[in-house]
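# What the coordinates show
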Amino acid sequence: MKNTLDKVTAIINARIFDGEQVIEARNVLIQGETIIAVGTDVPEDAVIVDANHATLLPGLIDAHVHTSIGGLRDAVKFGVTTELEMNGDFTERGRAIQLKNVEGAADVRSAGTAITAPGGHPDELLPDGDEIPEFVLKELEKLSKEDREAMLAAYAHDHEEVPQVTTVEEAIKHVHTQVENGADYIKIMIEEGTVMGAPGLPVLSDEILKAAVEEAHKFDKIVIAHVLTARSSQTAIALGVDGLGHLFIDRPELTPDLVQSIVDSGAFVTPCLVLNSSILGNPASDLANDPRVHSKLSPEWIDILNSSFNTFPQGDMENSFKNVMDLHRAGVDILVGTDVSPVPVPNLGGLAHGASVHHEMQLLVQAGFTPIEALQSATSKPARRFGLHDRGRIAAGSGADLILVNGDPTSHISDTLSIEAVWLRGAQQQS
């Protein structure tokens, strides 16, 4: 159901979490793609949606994905109305090509192609050879002709010869290329493979990576670093990045100093606890078996949730919980992200578009966050850190990306999965 530009929709009798806190107002007015008022009287001719004391939240934001048209559509089923791609083709140029006339897909922003060494991460995760693997072909069969052509184009782009970065000059040129393509931010890889089951992966020198960071900043682009160990995290902070795209899985003696250096830098952290759990060998079977999830995902994605990366089984999830709480208590902005893959890849288990955002919030609460703090990490905080000022809040003038859930997720975080309705750019989506 689409709202006409002149018709007002009133969501009434809702408990409202505005992205920061629960507020006293109970009514929200939408017109077109925008929230026009919160807590005011309802116009007589408004279309009424009675929330019946359910909870209204801003559309959720996944601050770390690798996505596809199918992934963007699955995200919306779970109230995730924005995905932030950390290596892929949904730059401004890519969006104009791939998402033309596509409906029911979450909004997306992208880093474009990340900066990595030849043969470096994520090469160890990709299929060998030039043939399109079977799991991609199975996904293509489900798409319309237009979507299939767009996904083939994206796959071809992602598997082209990646521009070589071996020198400072090539790093600077790479940043320029991503900016010209309309990248919204820049991503660098610092991954030697220890926790990915591929030790010895090549990594660019600090000099080359620092040149990339400095060049991105000249374009007012924030820089996110892929890091999975304390050592690589410290390196990234020393290089001047704006955010860490993962949480270090190990917890060595230097952790207190590392936490302080992150605090002093002002960087945010997107811990992707769901990924850490998968890397340690834990499938997301409880999530997969939840009827609120199982009913919305394909069998292929359910199979993926029931598997795991399992590349670092000697690790301990309690370390990740301690690390994220140390950062949180120190005042570091923690963002919800999942690192889910574009299509269901057999060796990249435990993650699924949309559903894993809810799992991530549950893990944050398990670590020690309050439910409200976990919700902030999926709404207002990523919106603020990525400069997305039109979302992440329920306020007059914000975009009308909304999710209505039964229960009270500000007290019981698992209630976020009890979804009654989703509004994407002001249009209520079919459930």
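As the structure is a prediction and not an experimental result, all values here were calculated from the model. (Residues numbered from 1 in each chain as written. Predicted model: local features only at pLDDT ≥ 70, side-chain atom pairs only at ≥ 80, totals over all residues. Heavy atoms only, no water.)

### Some thoughts on the overall build of the protein
Looking only at helices and strands, the protein features 16 helices and 17 strands. Within the protein, the fraction of its 431 residues that count as buried is 58%. In the form shown here, the protein has an accessible surface area of approximately 17400 Å², with 48% of it arising from carbon and sulfur atoms. (Helix = DSSP H or I, 4+ residues; strand = E, 2+ residues; numbered from the N terminus. Buried < 20%, exposed > 50% of the residue type's maximum accessible area, 1.4 Å probe, protein only. Areas by Shrake-Rupley, 256 points an atom, 1.4 Å probe, with all protein chains shown as cover.)

### Remarks on the environment of T9
Mapped onto the secondary structure, T9 falls in strand β1 (residues 8–12). Separated by 33 residues in the primary sequence, T9 and V42 place their C-alpha atoms 9.0 Å from one another.

### With respect to the confidence of the model for the protein
Model confidence for the protein is summarised by a mean pLDDT of 92, while 90% of its residues fall at 70 or above. Per-element confidence in the protein is highest for helix α15 (residues 371–377), whose mean pLDDT is 99, and lowest for helix α4 (residues 145–158), whose mean pLDDT is 55. (pLDDT = per-residue confidence, 0-100.)

### Focus: the sheet that holds strand β6 (residues 47–50)
Taking strand neighbours across the sheet as the criterion, the 4 strands line up as β5-β4-β1-β6 in an open arrangement whose pairing is mixed. Looking along the sheet, the strands with just one partner apiece sit at the ends: β5 (34–38) and β6. Within this sheet the neighbouring strands show an average axis-to-axis angle of 25 degrees, counted without direction. As paired elements, β1 and strand β4 (residues 28–31) share 4 bridges and run antiparallel to each other. (Pairing = 2+ DSSP bridges. Axes fitted to C-alpha atoms, helices over the stretch in contact; angles between N-to-C directions.)

### A closer look at the pattern of salt bridges
Taken as a whole and assessed by the stated rule, the structure comprises 12 salt bridges. In this structure, D290 and R292 form a salt bridge, with 2.9 Å as the shortest nitrogen-oxygen distance. Ionic pairing is found between D333 and R385, a salt bridge with its closest N-O pair at 3.0 Å. Of this pair, D333 sits in the loop between α13 (317–329) and α14 (355–367) while R385 sits in helix α16 (residues 380–385), and the two are 52 residues apart along the sequence. Residue D333 is classed as buried on the basis of its relative accessible area, which comes to 12%. Look at R385 and you get partly exposed, because its relative accessible area is 21%. Salt bridges sharing common partners tie together D107, R109, D390 and R391. (Salt bridge = Lys/Arg side-chain N within 4 Å of Asp/Glu carboxyl O.)

### Here's the deal with the environment of L125
Its place among the elements puts L125 in the loop between β10 (107–110) and α3 (134–141). Note: C-alpha distance between L125 and M196 (71 residues apart in sequence) is 9.0 Å. When neighbours within four sequence positions are excluded, L125 is seen to be in contact with M196, N347 and L348. (Contact = heavy atoms within 4.5 Å.)

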